[in-house]
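# Fold and geometry: a report
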Amino acid sequence: MAGFTDAPFRLMCFEGGCDYAISEMISSKALIYKDKKTATLAYMPKGDTPTAIQLFGHEPDTMAAAAKMISDGSFEGCLYEEKPVAIDINIGCPVKKIALSGDGSALMKDSRLCHDIVSAVKAKTDLPVTVKIRAGWDRHSKNAVEVALACAKGGASAVAVHARTREELYNPGIDMDIIARVRDALPSEVSVIGNGDICDGRSAVEMVERTACDGIMIGRAALGNPWIFNEIKAAFSGEDFTPMSTENRIQAAIHLVSHIVELKGEDRGIREARGRAAHFIRGIRGSAEIRDRLNSTLTLEDFKSVLSDWNYSE
Ligand SMILES: Cc1cc2nc3c(=O)[nH]c(=O)nc-3n(C[C@H](O)[C@H](O)[C@H](O)COP(=O)(O)O)c2cc1C
């Protein structure tokens, strides 16, 4: 998730039971023009594996050139302590700026182009190529099956389906049937990953039972709760799961923010970290006031003090 699934957060998710992560989306164009900030997005520290790098764009040649740079690690500022395990192609981002440029979810309108992008990327990398699609562009064109088949024909080895159209953005609820139909249509060697609104063990089990998908993808519910993966695994195996204590959540927020500051510098790190830490204190008594205080901190030390000095038992 752009703005959230950076390396520090992915490491926490792996510790919390995640089996596979995907980077924030990275512009293929920015990458080939050697944009410095883009290089930080592709940073992968020790332990950050298995992680795929997600690219967005709509020009097959540019996407292929960017995929080659990613798989060779051949761009300045790219620090790989771990290597990416796959290239994922974004065919789902609904953000106006992205879709109006023909990228992300706009690709849902052109399955032929989806095929051409996947096959161009596939030709330039030895890594598996996967895609992330939506149910369709709008209610009149729920063509996930057509797009998934085109991507599979182009060489995609997995298709993740966010079961909403671009028109629906993140509401209302998802249409699980579309995931089931994609699973039915694709050859068995192409994995189908179900995505949308999975927020606990029960919803994860329901996704698998109703769609027969091969894997599940968690987005928003992991924010502030990177232990959700173990919670879900416990639900599948019928084991108990003990939720994190408030103290552990606070310590986790401090750990995440410290790592973000270390990676991005104090100025940018603290600005970014305010929203990120807010997810960890969600539901805690006094969280609105803590958030206000965090918003006026400028240094990591202040940030840590606000979080550690609060009396959470009040
Ligand atoms: C803030 C935000 C950023 C996102 N960024 C990306 C992204 O970069 N790439 C992507 O494939 N999906 C992105 N998504 C979509 C999620 O991956 C996911 O498909 C969607 O949130 C539905 O799943 P969920 O209900 O588990 O969150 C983003 C979603 C949100 C809310």
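Residues numbered from 1 in each chain as written. Predicted model: local features only at pLDDT ≥ 70, side-chain atom pairs only at ≥ 80, totals over all residues. Heavy atoms only, no water.

### As for the overall build of the protein chain
Helix and strand counts for the protein chain come out as 14 helices and seven strands. The C-alpha radius of gyration of the protein chain comes to 20 Å, within 12% of the 20 Å expected for a compact globule of 314 residues. If one aligns the C-alpha atoms of the protein chain with their principal axes, the spans along those axes are about 55 × 45 × 30 Å. Counting all 314 residues of the protein chain, 54% fall into the buried class. Sequence-distant contacts in the protein chain: of pairs separated by 6 or more residues, those separated by 24 or more amount to 68%. Taking the average place of the 38 positive charges on the side chains of the protein chain and the average place of its 44 negative ones, the gap between the two points comes to 5 Å. (Helix = DSSP H or I, 4+ residues; strand = E, 2+ residues; numbered from the N terminus. Rg over C-alpha atoms; globule rule 2.2 N^0.38 Å. Buried < 20%, exposed > 50% of the residue type's maximum accessible area, 1.4 Å probe, protein only. Contact = heavy atoms within 4.5 Å. Lys, Arg positive; Asp, Glu negative; His and termini not counted. Charge placed at Lys NZ, Arg CZ, Asp CG, Glu CD.)

### Quick word on the domain arrangement of the protein chain
With domains assigned, the protein chain is organised as domain 1 (7-237) and domain 2 (246-309). Here the C-alpha centroids of domain 1 and domain 2 sit 28 Å apart. Taken together, the ten residues of domain 1 in the interface contact 13 residues of domain 2. Roughly 1,100 Å² of surface becomes buried between domain 1 and domain 2 when both sides are summed, with 75% attributable to carbon and sulfur atoms. Looking only at domain 1, the three residues that lose the most surface to domain 2 are P8, M12 and G224, adding up to 41% of its buried area. (Domains from an automatic or database assignment. Buried area = accessible area lost by both parts, 1.4 Å probe.)

### Points about the site of the ligand
Residues in contact with the ligand amount to 15 residues; listed here are only the nearest, Q54, K132, N195, D197 and R220. Within the contact set of the ligand, an oxygen atom lies 2.7 Å away from a backbone nitrogen or oxygen of D197. Protein contact buries 84% of the 610 Å² of open area that the ligand shows by itself. Tallied by class, the residues present in the shell around the ligand amount to six nonpolar, six polar and three charged. (Near = heavy atom within 4 Å. Polar contact = N/O pair within 3.5 Å; in protein donor to acceptor, adjacent residues only side chain to side chain. Areas by Shrake-Rupley, 256 points an atom, 1.4 Å probe, with all protein chains shown as cover. Nonpolar A, V, L, I, M, F, W, Y, C, P; charged D, E, K, R; others polar.)

### Brief notes about the side chain of K132
Within the fold, K132 resides in strand 4 (residues 129-136). Excluding residues within four positions of it along the chain, K132 makes contact with Q54, D88, I89, N90, I91, G92, A160, H162, N195 and M217.

### Considering the sheet that holds strand 7 (residues 215-217)
If you walk across this open sheet you meet the seven strands as 1-2-3-4-5-6-7, and the pairing is parallel. Both outer strands of the open sheet, strand 1 (21-27) and strand 7, are each paired with one neighbouring strand and no more. Averaged over all pairs of adjacent strands, the angle between strand axes in this sheet comes to 30 degrees, irrespective of strand direction. Pairing of strand 6 (residues 191-195) with strand 7, which is carried by three bridges, proceeds in the parallel orientation. Looking at strand 7, one finds that G194 is bridged to I216. Contacts from helix 7 (residues 144-154) reach strand 3 (86-91), strand 4 and strand 5 (158-165) within the one sheet, and its direction differs from that of strand 4 by about 165 degrees. Sheet contacts for helix 8 (residues 176-185): strand 4, strand 5 and strand 6; angle to strand 6, the most-contacted strand, approximately 175 degrees. (Pairing = 2+ DSSP bridges. Axes fitted to C-alpha atoms, helices over the stretch in contact; angles between N-to-C directions.)

### A closer look at unusual backbone geometry
Across the junction of T49 and P50, the peptide omega takes the value 0 degrees, indicating a cis bond. Its place among the elements puts P50 in the loop between helix 3 (36-41) and strand 2 (51-56). Cis geometry marks the peptide bond from N171 to P172, where omega comes out at -10 degrees. You can see P172 is positioned in the loop between strand 5 and helix 8. Within the chain, A212 stands out as a residue other than glycine whose phi angle is a positive 60 degrees. Relative to the elements of secondary structure, A212 occurs in the loop between helix 9 (201-211) and strand 7.

### Focus on the packing of aromatic side chains
Enumeration over the complete set of coordinates arrives at one aromatic pair. Considering the side-chain rings of W227 and F280, the 6.2 Å spacing of their centres and the 85 degrees angle between planes classify their relative orientation as edge-to-face. Here W227 is found in the loop between strand 7 and helix 10 (228-237), whereas its partner F280 is found in helix 12 (residues 266-281), with 53 residues between them in sequence. For the residue pair W227 and F280, the accessibility class agrees, reading buried in each case. K109 extends its terminal NZ or CZ atom over the ring of W137, reaching a point 4.0 Å from the ring centre. Note that R134 overlies the ring of Y170, its terminal NZ or CZ placed 5.4 Å from the centroid. (Phe/Tyr/Trp six-rings, centres within 6.5 Å; stacked < 30°, edge-to-face > 60°. Lys NZ or Arg CZ within 6 Å of the ring centre and 35° of its normal.)

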